[in-house]
There are 2 protein chains.
Amino acid sequence: MATTPPPPVKNSLLKLESQICFPVYAVSRLITKAYQPLLQALDLTYPQYLVFLLLWEHEQLTVKELGEKLLLDSGTLTPLLKRMEQKQWLSRRRDPRDERSVIIALLPAGRALEAQAQQIPLQMLDKMQMSEAEITALRTHLTHLLTQLA
Amino acid sequence: MATTPPPPVKNSLLKLESQICFPVYAVSRLITKAYQPLLQALDLTYPQYLVFLLLWEHEQLTVKELGEKLLLDSGTLTPLLKRMEQKQWLSRRRDPRDERSVIIALLPAGRALEAQAQQIPLQMLDKMQMSEAEITALRTHLTHLLTQLA
DNA sequence: CAAAAATAAATTGTGCACAATTAAACATTA
DNA sequence: TAATGTTTAATTGTGCACAATTTATTTTTG
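Described in the following lines is the structure provided in the data block. (Residues numbered from 1 in each chain as written. Chains lettered and ligands numbered in written order. Predicted model: local features only at pLDDT ≥ 70, side-chain atom pairs only at ≥ 80, totals over all residues. Heavy atoms only, no water.)

### A few points about the sheet that holds strand E2 (residues 90-95) of chain A
Residue and element names in this part refer to chain A.
Argument step 1. Strand order in this open sheet of 3 strands is E1-E3-E2, and the pairing throughout is antiparallel. Looking at which strands have only one partner, the edges of the open sheet turn out to be strand E1 (60-62) and E2. Adjacent strand axes in the sheet meet at a mean angle of 25°, parallel and antiparallel pairs treated alike.
Argument step 2. Inspection of the sheet shows E2 paired to strand E3 (residues 98-106) by 6 bridges, in the antiparallel sense. Within E3, the residue paired with aspartate 95 across the bridge is aspartate 98.
Argument step 3. Here helix H3 (residues 63-70) sits on the sheet and contacts E1 and E3; the angle it forms with E1, its principal contact strand, is near 90°. (Pairing = 2+ DSSP bridges. Helix = DSSP H or I, 4+ residues; strand = E, 2+ residues; numbered from the N terminus. Axes fitted to C-alpha atoms, helices over the stretch in contact; angles between N-to-C directions. Contact = heavy atoms within 4.5 Å.)

Structure, rendered in structure tokens:
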């Protein structure tokens, strides 16, 4: 009795489920969505929150420094920072000693947000339901990938 | 001799470097950038490539099915699929048996792209420089997070 | 010093990503 | 079956994200 030929095996590397890239892409968007209700209470978007994490730590930074730390360019940062400036969270001014640079400095309203953001990291950790060990392992692999691709 | 008081320790959870979320966000964008030169040769964006991965495997899917698999809604997919339709890569038509659904079907020009995309996964693996074990571990942690957040 | 090169932001244009709303088709049920 | 509710896309509006270009300033170099 003749057997039917085996079905042609698709190049499994071209399947969505074989990709490592898709989970990264999907998880990244899901994380942003998980932040959303927490950040909405502060009238913040996720990239704006990242800018604040840096400003709460450093008080003031140039656009270039923000870009280096966040891996974003001025095409993204300039309009984002203008929106944050409009809300009086930060100031944008040229560095008098090098007029090419723009210094972004925290304003009182921006500094005040830090207190309201205190709970966010723990709330996110709670949503993610990952052990300390898992998080460390994940971060290790991701930072490896990051240095590989940056 | 009086010791200086310890510097006030910033809530380390509110530092960018403590966050697991930032590496995911940054790596996701870096991966997209790494794909860019490879996909540009096929006139594709990364989300369009993801749609093709599914269509190459399934030949035709509804917008709803694409959305479920990619975790994207019609607000993102409709304009994206219209652009792909304009390039004659796929067709969009209502399902005659349920006019609410729109069936996305591969067209010859879209099917032809599969051959040209064959090399992409290996080229990406090469760029990422990760061992099989690392990739598996990373995917495991990410899919865990994905189910946790989805 | 003047010309050329490099640097830092801003601008322009395209394409996601998503919340919120709308519209149409279908399913359920009173 | 008419009214109600559900499902599926499309639409609208906002905010990234990034490539490519432009502008202004500073640095380097011939």
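### Observations concerning the protein's contact with DNA strand D
Argument step 1. Taken together, 26 residues lie around DNA strand D, and Tyr25, Ser74, Thr78, Lys82 and Arg92 of chain B are the ones closest in.
Argument step 2. Sugar plus phosphate: this is where 80% of the atoms of DNA strand D within 4 Å of the protein reside.
Argument step 3. Mapped by element, the contributors of at least two residues to the surface near DNA strand D are helix H2 (46-58), helix H4 (74-86) and E3 of chain A together with helix H1 (21-40), helix H3 (63-70), helix H4 (74-86), strand E2 (90-95) and strand E3 (98-106) of chain B.
Argument step 4. Across the surface near DNA strand D, the residue classes break down as 6 nonpolar, 9 polar and 11 charged. (Near = heavy atom within 4 Å. Nonpolar A, V, L, I, M, F, W, Y, C, P; charged D, E, K, R; others polar.)

### Considering the interface of chain B and chain A
Argument step 1. Between chain B and chain A, the residue contacts involve 57 residues of the former and 59 residues of the latter.
Argument step 2. Of the roughly 6000 Å² buried between chain B and chain A on both sides combined, carbon and sulfur atoms contribute 72%.
Argument step 3. Sorting the residues of chain B by area buried against chain A places Leu14, Ile20 and Leu149 of chain B first, and these three jointly supply 12% of that buried surface.
Argument step 4. In this structure, the connection of chain B to chain A is made through 2 salt bridges.
Argument step 5. For glutamate 57 of chain B, the salt bridge is made with lysine 15 of chain A, and the minimal N-O distance between the two is 4.0 Å.
Argument step 6. At the junction of chain B and chain A, the tally comes to 10 residue pairs in polar contact (both at pLDDT 80 or more).
Argument step 7. Put simply, the parts of the chain that give the side of chain B that touches chain A at least two residues each are H1, helix H2 (46-58), H3, helix H5 (108-117), helix H6 (120-128) and helix H7 (132-149) of chain B.
Argument step 8. Sorting elements by how many residues they give to the side of chain B that touches chain A places H1 of chain B first, with 13 residues. (Buried area = accessible area lost by both parts, 1.4 Å probe. Salt bridge = Lys/Arg side-chain N within 4 Å of Asp/Glu carboxyl O. Polar contact = N/O pair within 3.5 Å; in protein donor to acceptor, adjacent residues only side chain to side chain.)

### Regarding the sheet that holds E2 of chain B
All names here are of chain B.
Argument step 1. With antiparallel pairing, 3 strands are arranged side by side in an open sheet as E1-E3-E2. Two strands lie at the open edges of the sheet, namely strand E1 (60-62) and E2, each paired on one side alone. For this sheet, the mean angle separating the axes of adjacent strands, direction not counted, is 25°.
Argument step 2. Set on the sheet, H3 makes contact with E1 and E3; between it and E1 the angle comes to about 90°.

### Here's the deal with the relation of the copies chain B and chain A
Argument step 1. The operation relating chain B to chain A is a screw motion whose rotation component is 180°, with 0.0 Å of axial translation and a residual RMSD of 0.0 Å. These values place the two chain copies in the arrangement generated by a two-fold rotation axis.
Argument step 2. Taken as a fraction of all interface residues of chain B, those also at the interface in chain A reach 100%, which identifies the copy contact as same-surface. (Least-squares fit on C-alpha atoms with pLDDT ≥ 70 in both.)

### What to know about the protein's contact with DNA strand C
Argument step 1. Around DNA strand C sit 26 residues, and of these Tyr25, Ser74, Thr78, Lys82 and Arg92 of chain A come closest.
Argument step 2. Within the side chain of arginine 94 of chain A, one N or O atom sits 3.5 Å away from a sugar or linking oxygen of DNA strand C.
Argument step 3. Counting only elements with at least two residues in the surface near DNA strand C, the list comes to helix H1 (21-40), H3, H4, E2 and E3 of chain A together with H2, H4 and E3 of chain B.
Argument step 4. Grouping the constituent residues of the surface near DNA strand C by class yields 6 nonpolar, 9 polar and 11 charged.

### Topic: the environment of leucine 90 of chain A
Residues and elements named next belong to chain A.
Argument step 1. Here leucine 90 lies in strand E2.
Argument step 2. Of the residues examined, leucine 90 reaches a relative accessible area of 1% and is grouped as buried.
Argument step 3. Counting along the chain gives 14 residues from leucine 90 to isoleucine 104, while the straight-line C-alpha distance between them is 6.5 Å.
Argument step 4. Leaving out residues up to four positions away in the same chain, leucine 90 has contacts with Val51, Leu55, Leu81, Met84, Glu85, Ile104, Ala105 and Leu107. (Buried < 20%, exposed > 50% of the residue type's maximum accessible area, 1.4 Å probe, protein only.)

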